[in-house]
Amino acid sequence: MTELVSATTLIKDALGTGPGLVNWNVNTTAEAAYDRFQILRQFVEDNDREGAVKFLRDQRFIKTGAAAARGTDVHRVAEQLHLGQAVDYDDSIAGYVTQYRRFLEDFQPEFLLAEAPVYNLTYRYAGTLDAVAVIDGKTVVMDMKTTAHGPDSGKSRPPHPEVALQLTL
């Protein structure tokens, strides 16, 4: 039996953590320090430096968990839309669903694959691709990103280099 490595793990191991993710981790911790100052004050009053550090260190995992859940929910709804099924979703992802429906209407992709497992036995990696579709007569690989910032947020949302590698794999 051949053991396969996750494509995302392979990219992370090869490229390390990119500046976008490093900055996100730092910002998440700094935001938690500011937003939860009263909690941190209690740690200081209790002379619990170790507890304060653990509290701040864990904030990125709490936010990451919420982001991962959001991505899973959006991908589930997208797959239901691809299959022509009725969709049911939480209001927290309504904006993503609205934008994805707009994309489907504007570009009318013909889906060849969606949420499909892919692998390379020669290089021993595997993953799940979001979609392969035909748009305007061209076959394209699609990947959805579910950033928390909308297009009008004023926040930088550049495509990160690892995304190109992910799509290539």
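In this text, all values refer to a predicted model and were calculated from it rather than measured experimentally.

(A) Looking closely at the overall build of the chain. Along the backbone of the chain there are 6 helices and 4 strands. Put simply, the chain runs from its N terminus to its C terminus through helices and strands in the order β-α-α-α-α-α-β-β-β-α. Over its C-alpha atoms the chain spans a radius of gyration of 20 Å, topping by over 25% the 15 Å that the globule rule assigns to 169 residues. Oriented by its inertia axes, the alpha-carbon framework of the chain measures out at about 65 × 40 × 30 Å. Looking at the chain residue by residue over its 169 residues, the buried ones come to 24%.

(B) Representation of the confidence of the model for the chain in the model. Put simply, the chain has an average pLDDT of 88, and 98% of its residues get 70 or more. Averaged pLDDT values for the elements of the chain fall to 80 in helix α6 (residues 161-168) and rise to 95 in strand β4 (residues 138-142).

(C) A look at a negative patch on the surface. Taken together, the side chains of Glu45, Asp46, Asp48 and Glu50 define an acidic patch exposed on the protein surface. Note that Glu45 resides in helix α3 (residues 37-45). According to the relative accessible area criterion, Glu45 is exposed, its value standing at 55%.

Rules used throughout
- Residues numbered from 1 in each chain as written.
- Predicted model: local features only at pLDDT ≥ 70, side-chain atom pairs only at ≥ 80, totals over all residues.
- Heavy atoms only, no water.
- Helix = DSSP H or I, 4+ residues; strand = E, 2+ residues; numbered from the N terminus.
- Rg over C-alpha atoms; globule rule 2.2 N^0.38 Å.
- Buried < 20%, exposed > 50% of the residue type's maximum accessible area, 1.4 Å probe, protein only.
- pLDDT = per-residue confidence, 0-100.
- Patch = residues over 30% accessible without salt bridge, like charges linked within 9 Å, V, L, I, M, F, W, Y side chains within 5 Å.
- Areas by Shrake-Rupley, 256 points an atom, 1.4 Å probe, with all protein chains shown as cover.
- Salt bridge = Lys/Arg side-chain N within 4 Å of Asp/Glu carboxyl O.
- Lys, Arg positive; Asp, Glu negative; His and termini not counted.
- Charge placed at Lys NZ, Arg CZ, Asp CG, Glu CD.

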